[in-house]
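Summary of structural features
Residues per chain, in single letters:
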Amino acid sequence: MKKQLVLITGASQGIGKALAELFLVQGYQVIGTSRSGNIEINHPSFEAMILDLTQMESIKSFEAKIASKGTMFDILINNAGIGPDLGTSLPEERSFDQTFDVNVKGQVFFTEAMIKHLPPSAKLINVSSKMGSIEQCVGTDSVAYRMSKTALNMYTKILTNRYEGQFQIATLHPGWVRTNISGDNSKGRFSPEESAAMIFDFVSSNFKTGIFWNVETNSACDW
Ligand SMILES: NC(=O)c1ccc[n+]([C@@H]2O[C@H](COP(=O)([O-])OP(=O)(O)OC[C@H]3O[C@@H](n4cnc5c(N)ncnc54)[C@H](OP(=O)(O)O)[C@@H]3O)[C@@H](O)[C@H]2O)c1
């Protein structure tokens, strides 16, 4: 039987890499991306590809390669994301631009380019954060990061409305995970592997399209 194909952005480290490894163990074929195209995963069902979400040319070139092979993805996981202002008090122009270039503009235009490579039954997952929840927000820090994830959640809703009855779409919080996304993540409650396992269980389930899901609590997240 043909293996299901999953595309995972930001698979060079952290949650994305752990996810790629888990999907491979579970019998999927995986394409993982990073800016360099170097990903330390050696598996016959794995392919690494270059993608820089801040460069429209990189998105176009990625799409052209996919189109030339006629590749269709059963699952797209938009995992790549950055948080240069995590933990800072006030917005600062450079990190604000960087954050929105990757977490918002890059995600949107990459996803739009991938839509024609998703069959009607495909699952589309955006890795967001509960830091993007307006209802749960009690903090004042990490302005760009929080706002970028709120914007990503809105984009998820828009996609859900546009593709009602077609794709299964969700935005999710992966838990607080010990990765390199910010300096103080060493206290995170989960290893990347533990987060990937929770995400895998969610993605494998028959979830309701359009939800914002917290995989840590296995429950809906407030918008
Ligand atoms: N860790 C947490 O506690 C936590 C909590 C909530 C949400 N999240 C979300 O989970 C996702 C993964 O985060 P993580 O903690 O695993 O982070 P990470 O370890 O820093 O990994 C980020 C990934 O994104 C890729 N990336 C960075 N800039 C990129 C760009 N311009 N274009 C394409 N890819 C780029 C990186 O690849 P290269 O640098 O190799 O290109 C890397 O593979 C993010 O969306 C993050 O916001 C994380």
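Structural data are supplied above this passage.
Here the structure is a predicted model, which means the values were calculated and not measured. Throughout this description, residue numbers start from 1 for each chain and increase along the sequence as written. Totals for whole chains, interfaces and linings use all residues, but because this is a predicted model, local features are given only for residues with pLDDT of at least 70 and pairs of side-chain atoms are given and counted only at 80 or more. Processing note: side-chain calculations cover all non-hydrogen atoms of the structure and skip hydrogens and water entirely.

1. Observations regarding the overall build of the protein
Assigned secondary structure in the protein consists of 5 helices and 8 strands. Strands here mean DSSP runs of E at least two residues long; helices mean DSSP runs of H or I at least four residues long; both are numbered from the N terminus. The order of helices and strands in the protein, counted from the N terminus, is β-α-β-β-α-β-α-β-α-β-α-β-β. Dimensions of the protein, computed from the C-alpha atoms along their principal axes, are close to 50 × 35 × 35 Å. By residue count, 52% of the 223 residues in the protein fall in the buried class. We call two residues in contact whenever any of their non-hydrogen atoms come within 4.5 Å of each other. Taking the contacts inside the protein whose residues are at least 6 apart along the sequence as the reference set, 65% of them involve residues at least 24 apart. Counted charges follow a simple rule, with Lys and Arg positive, Asp and Glu negative, and His plus the chain ends left uncounted. To locate a charge, take atom NZ for lysine, CZ for arginine, CG for aspartate or CD for glutamate. For the protein, the separation between the mean place of its 20 positive charges and that of its 22 negative charges on side chains is 4 Å. Whether a residue is buried, partly exposed or exposed follows from its accessible area with a 1.4 Å probe, protein chains only, as a fraction of its type maximum: under 20%, in between, or over 50%, in that order.

2. Concerning the packing of aromatic side chains
Pairing of aromatic rings covers Phe, Tyr and the six-membered ring of Trp, with a centre-to-centre limit of 6.5 Å; geometry is then stacked below 30 degrees between planes, edge-to-face above 60, and tilted otherwise. On inspection of all chains with the given rule, the structure shows 9 aromatic pairs. Taken together, the aromatic side chains of F23, Y28 and F200 make up a single cluster linked through ring pairs.

3. Brief notes about the packing of helix α3 (residues 93-114) against helix α4 (residues 143-162)
The axes of two packed helices give the description: the angle between them and the distance between them. Across the interface, α3 lies against α4 with an axial gap of 9 Å and an inter-helix angle of 15 degrees. Taken together, α3 and α4 sit at an angle that is classed as roughly parallel. Handedness of the α3/α4 crossing: right-handed. Facing α3, whose interface residues are S95, F96, T99, F100, N103, V104, Q107, V108, T111 and E112, α4 presents A144, Y145, M147, S148, K149, A151, L152, Y155, L159 and R162. Each residue gets one of three labels, nonpolar for Ala, Val, Leu, Ile, Met, Phe, Trp, Tyr, Cys and Pro, charged for Asp, Glu, Lys and Arg, and polar for the others, Gly among them. Across the contact of α3 with α4, the residue classes tally to 11 nonpolar, 6 polar and 3 charged. Axes, fitted as lines to C-alpha atoms, cover a helix only where it is in contact. Angles between the N-to-C directions of the axes lie from 0 to 180 degrees. An angle below 35 degrees is treated as roughly parallel, one above 145 as roughly antiparallel, one from 65 to 115 as roughly perpendicular, and anything else as oblique. Put simply, a crossing is left-handed when the front helix is turned counterclockwise from the back one by less than a right angle, and right-handed when it is turned clockwise.

4. Digging into unusual backbone geometry
Even without glycine at this site, S142 takes up a positive phi of about 55 degrees. Tracing the sequence through the fold places S142 in the loop between β5 (123-127) and α4. Judged by its relative accessible area of 1%, S142 falls in the buried class. One non-glycine residue, N218, lies in the positive phi region at around 55 degrees. Mapped onto the elements, N218 comes out in the loop between β7 (211-214) and β8 (219-220).

5. Describing the site of the ligand
If even one non-hydrogen atom of a residue comes within 4 Å of a molecule or strand, that residue is called near it. Every one of the 30 residues lining the ligand counts as a neighbour, but S12, R35, Y145, V177 and T179 are closest to it. For the ligand, an oxygen atom lies 2.7 Å from a polar atom in the side chain of S12. N or O atoms closer than or at 3.5 Å make up a polar contact, with two conditions inside protein: a donor-capable atom paired with an acceptor-capable one, and, for residues adjacent in sequence, both atoms drawn from side chains. The side chain of D52 places a nitrogen or oxygen atom 3.0 Å from a nitrogen atom of the ligand. Accessible surface is estimated by sampling points in the Shrake-Rupley manner with a 1.4 Å probe; for residues, cover comes only from the protein chains shown. Protein coverage of the free-state accessible area of the ligand, which is 890 Å², stands at 93%. Looking at the shell around the ligand, the elements with two or more residues in it are α1 (14-25) and α4. Looking at side-chain class alone, the shell around the ligand contains 13 nonpolar, 14 polar and 3 charged residues.

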